[in-house]
Amino acid sequence: MTDKRVGMEVSIAAAEAVKLARAEAIAAYPITPQTHIVEHLSELVADGELDAEFVPVESEHSALSVCAGTSAVGARTYTSTSSQGLELMHEILFVVAGMRLPIVMSLANRALSAPLSIWNDHSDVMAARDCGWVQIFTENGQEVFDQTICAFKIAEDPRVLIPTIINLDGFTLSHVVEPLFMASQEMVDQFLPPYNPVYRLHPDKPITMGAFGMPEVYSEAKKSQDIALRDSYAVILEVWGEWGKLTGRNYHPMETYRMEGAKVALLTMGSFGEVAMEAVDRLRDKGIDVGLLKLRLWRPFPFDVIRESMKGLEVLVVLDRAISTGGIGGPVCSEIKAALYQQTKRPKIISFIAGLGGRDLPPEHFEEMVHQALKLKNKKKLEEFYTIGIRG
Amino acid sequence: MAKPIDQFTWKDIPLGCVVVEAGNAHEYKTGDWKSQRPVVDTSKCIKCGVCWVFCPDAAIYKNEEGYFLANLDYCKGCGICARECWTGCIKMVEEEK
C-alpha cells in the first residue's frame, strides 16, 4: 500500500487524520491557534464527507462534557483546544480520565494569560500534566498526522482506555504548510478497527458511570488509574510499531539525534527539536561532542528510557517552554532530575527556560545554551534555572 | 455486590469505577448518619401519607396496618416528616447509645 505525498497546512492534516480515523462525535469550541482544525472538521461533516455528530458548543467546558457523553455511549470521540480553552476544560479533563473514556484531543500549544498571548509555548499542557491523559508531543506535520491516527488506537485499546492528547505547537506547527504523506482510507481502516467499548451507557443494560467513591474506595480507584496509565506504555510501543510496519515511519518515546559518543546533550519537546538539530550540527562541526534528545512521550513518563539515554553523558541541558512560577522553574527539567535522583551515575543537569509566549529560538540560542552549560558544569552551586533571550 | 466495598483491592475496581449492577444503592445503609430519629404516635396518625410524600430519602414505608413508619436503616433524621405531619404525630428524639 502506498500513501500520497501532499503539501498541506498541518491543522488541515490533523483534521484529515480525524476523518480517516472515522471519528463519530466531535465537540469543540474554536480558539486560536486550533481554529483551522475545528473549522475543517465542521466543513467535512457539513459536506457529508465525514459521518459524525458535530456539536458546536458555547465553551470548552461544554465541549469536553459533550465528549464525555458521546464517549460513554460508545462513539469514537474527538476534540481540540488550546491554552485558555484547555484551562476551561480542566475540571472535565480529570473526570474523563477517571472514567476511562478514550477521547482524543489535539492541543495546539499556546501560552496562558496574562498577559494575553496567542503564541506558542507549553504552559497550557504543563498546567494539566497530572490530568491522567496519555500525552504525546510532535515535531512536524507528518508526526501530527501519524500520531493523531495512532492516538485513537492507543486510547481505545481495551488494555488502555485512557484519553489521549496530541500536542502540536501553535502556529509554528499548526499554521505552516508542510509536505507530508497522507495515508489512504484502506490503510487506516486496516490499522484502526471500530471502537468496541468495554462498558457503554445503553438503556438495555443500565450501568452507572461517574458515581462517587467513598473514602473506602477512592484510593484504590486512583491506584488502579495510575497503574493503567503506566501500563499503557507497552501498548503505545506496540501501536507505534504497527504503524511503523505499515508506513515505514517509526516512533519512540525518546527520539535521538547524533547521540553517538555525545558528552553533552540538549533535551527538547515539540517543534523546536528541528531547530536544535541545526544547532547540534553546527556544534559538532566545531568539535563539540553534543547530541539531541527529543522527548516525545510525556505521559506515561518513560523513566527507563530517560535513565538509559543518560549513559555516557556529562552534561544534560533541558529546555523548558513553561515556567513553574515560584517553584523549581521548568517542569520537564524537574521531572528529569527526579527520575535520575536515585541513579548513582548521572550527568550535571542545567535547566534553561526560553521560548515563552511565541519568543523565537534560533539555532544560535541552542548553541549558547550548550556553551553556557559547559562553563557551568564544574560550578558547585547552580541556579534553579537559567534563561536565554530574556533582556536585562 | 460480591463483597463489601471496603474489601475491594485496587485490582477489583471495575474499569472507570463503573457500577455494573443497577439499583445497588440500597445495599449501602446510611441510617447511621442520623442524630435524631422519628417516633410515630400511631394513636394520632390518620394514615394520610404526607410524610411518605415529603421524605427526601424514600425511607418511609407503609406497614401492614397502614401506618407510615421510617426505615431506620436509611432515615438520616432530617425531621422533614415531623415538620410536615398534619396531626403532629411524629416527634424527633435524640439518638442515644
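Residues numbered from 1 in each chain as written. Chains lettered and ligands numbered in written order. Predicted model: local features only at pLDDT ≥ 70, side-chain atom pairs only at ≥ 80, totals over all residues.

Concerning the overall build of chain B
Looking only at helices and strands, chain B features two helices and four strands. Along the chain direction, N to C, the helices and strands of chain B fall in the order β-α-β-β-α-β. By the compact-globule yardstick of 13 Å for 97 residues, chain B is too spread out, its C-alpha radius of gyration being 17 Å. Each principal axis of the C-alpha atoms in chain B carries an extent, and together these give about 55 × 30 × 20 Å. In chain B, which comprises 97 residues, the proportion classed as buried is 21%. (Helix = DSSP H or I, 4+ residues; strand = E, 2+ residues; numbered from the N terminus. Rg over C-alpha atoms; globule rule 2.2 N^0.38 Å. Buried ≥ 20, exposed ≤ 12 C-beta atoms within 10 Å, placed from the backbone.)

Side note on the pairing of strand 3 (residues 53-56) of chain A
All names here are of chain A. Across four bridges, the pairing between strand 2 (residues 25-28) and strand 3 is parallel. Among the inter-strand pairings, A28 is bridged to a residue of strand 3, identified as P56. Of the crossover connections in this fold, the one passing from strand 2 over helix 2 (residues 35-46) to the parallel strand 3 is right-handed. (Pairing = 2+ DSSP bridges. Right-handed = clockwise from strand over helix to strand, strands pointing away.)

What to know about the environment of S65 of chain A
Within the secondary structure, S65 of chain A sits in helix 3 (residues 60-72). For S65 of chain A, a count of 17 C-beta atoms within 10 Å gives the class partly exposed.

Structural notes on the domain arrangement of chain A
Residue and element names in this part refer to chain A. As assigned here, chain A comprises domain 1 (4-247) and domain 2 (254-387). Distance between the C-alpha centres of domain 1 and domain 2: 28 Å. The interface is formed by 27 residues belonging to domain 1 together with 20 residues belonging to domain 2. Broken down by secondary-structure element, the contributors of at least two residues to the side of domain 1 that touches domain 2 are helix 5 (123-126), strand 6 (134-137), strand 7 (164-169) and helix 8 (215-247). Ranked by the residues each element gives to the side of domain 1 that touches domain 2, the list is headed by helix 8, at five residues. Of the residues contributing to the side of domain 1 that touches domain 2, the split by class is eleven nonpolar, eleven polar and five charged. (Domains from an automatic or database assignment. Contact = placed C-beta atoms within 7 Å. Nonpolar A, V, L, I, M, F, W, Y, C, P; charged D, E, K, R; others polar.)

Looking at helix 8 of chain A
Residues and elements named next belong to chain A. Given a rise of 1.5 Å per residue, 33 residues ought to cover 48 Å, and the 48 Å separating the end C-alpha atoms of helix 8 matches this to within 8%. By the largest-angle criterion, Y233 marks the main kink of helix 8, which is about 30 degrees. Those residues of helix 8 that fall on the buried side of the exposure criterion are S224, Q225, A228, S232, Y233, I236, V239, W240 and W243. Tucked inside the fold, the buried residues of helix 8 contact helix 4 (83-98), strand 6, helix 6 (141-156), helix 7 (185-191) and strand 12 (297-299). Positive backbone phi, approximately 80 degrees, marks G248, located one or two places after helix 8. (Expected span 1.5 Å × (residues − 1). Bend = angle between axes of the 7 residues up to and from the residue.)

Some thoughts on the environment of Q190 of chain A
Within the secondary structure layout, Q190 of chain A lies in helix 7. Take Q190 of chain A: there are 13 C-beta atoms within 10 Å of it, and that puts it in the partly exposed class.

Topic: helix 11 (residues 331-340) of chain A
Taken together, the buried positions of helix 11 of chain A are P331, V332, C333 and I336 of chain A. Along its buried surface, helix 11 of chain A packs onto helix 5, helix 10 (303-309), strand 13 (315-320) and strand 14 (348-353) of chain A.

Topic: the confidence of the model for chain B
Per-residue pLDDT for chain B averages 92, and the proportion of residues at 70 or more is 97%. Predicted complex metrics record ipTM = 0.86 and pTM = 0.93. (pLDDT = per-residue confidence, 0-100.)

Some thoughts on the pairing of strand 1 (residues 4-9) of chain A
Consecutive side chains of a regular strand alternate in pointing toward one face of the sheet and then the other. Residue and element names in this part refer to chain A. Across the six residues that make up strand 1, only a small minority, zero, are buried. Of the strand pairs in this sheet, strand 1 and strand 8 (residues 177-182) are connected by six bridges, and their pairing is antiparallel. Counted as the bridge partner of M8 is E178 from strand 8.

A look at the nonpolar core
Counting residues in each nonpolar core, the largest one holds 112 residues, and the members touching the most others are A14, I149, A265, L266, V317 and V318 of chain A. For this core, the element with the most residues is helix 6 of chain A, which contributes eight residues. Each of two domains, domain 1 (4-247) and domain 2 (254-387) of chain A, supplies a minimum of three residues to this core. Counting residues in hydrophobic clusters, the runner-up holds 15 residues, among them C45, A59, L69 and C81 of chain B. (Core = buried A, V, L, I, M, F, W, Y, C linked by C-beta atoms within 7 Å.)

Examining the interface of chain A and chain B
Across the contact, 19 residues belong to chain A and 13 residues belong to chain B. Per element, the largest residue contribution to the side of chain A that touches chain B is six residues, and it comes from helix 8 of chain A. Across the side of chain A that touches chain B, the residue classes break down as eleven nonpolar, four polar and four charged.

A few points about the sheet that holds strand 13 of chain A
All names here are of chain A. The mixed open sheet is built from six strands, whose spatial order is 9-11-10-13-14-15. Taken across any chain shown, the strands that pair with only one partner, and hence form the sheet edges, are strand 9 (254-257) and strand 15 (386-387). Pairing analysis gives four bridges linking strand 9 to strand 11 (residues 290-295), with the strands arranged antiparallel. Residue M254 lies in a different strand from strand 11, and its bridge partner there is L295.

What to know about the sheet that holds strand 12 of chain A
All names here are of chain A. With respect to topology, seven strands assemble into an open sheet ordered 3-2-4-5-7-6-12, the strand pairing being mixed. Pairing within the sheet leaves two strands with one partner each, and these edge strands are strand 3 and strand 12. Across the sheet, the mean angle from the axis of one strand to that of its neighbour is 20 degrees, orientation sign disregarded. In the sheet, strand 2 pairs with strand 4 (residues 77-81) via two bridges, with the strands oriented parallel. The residue bridging A25 from the neighbouring strand is T77, located in strand 4. (Axes fitted to C-alpha atoms, helices over the stretch in contact; angles between N-to-C directions.)

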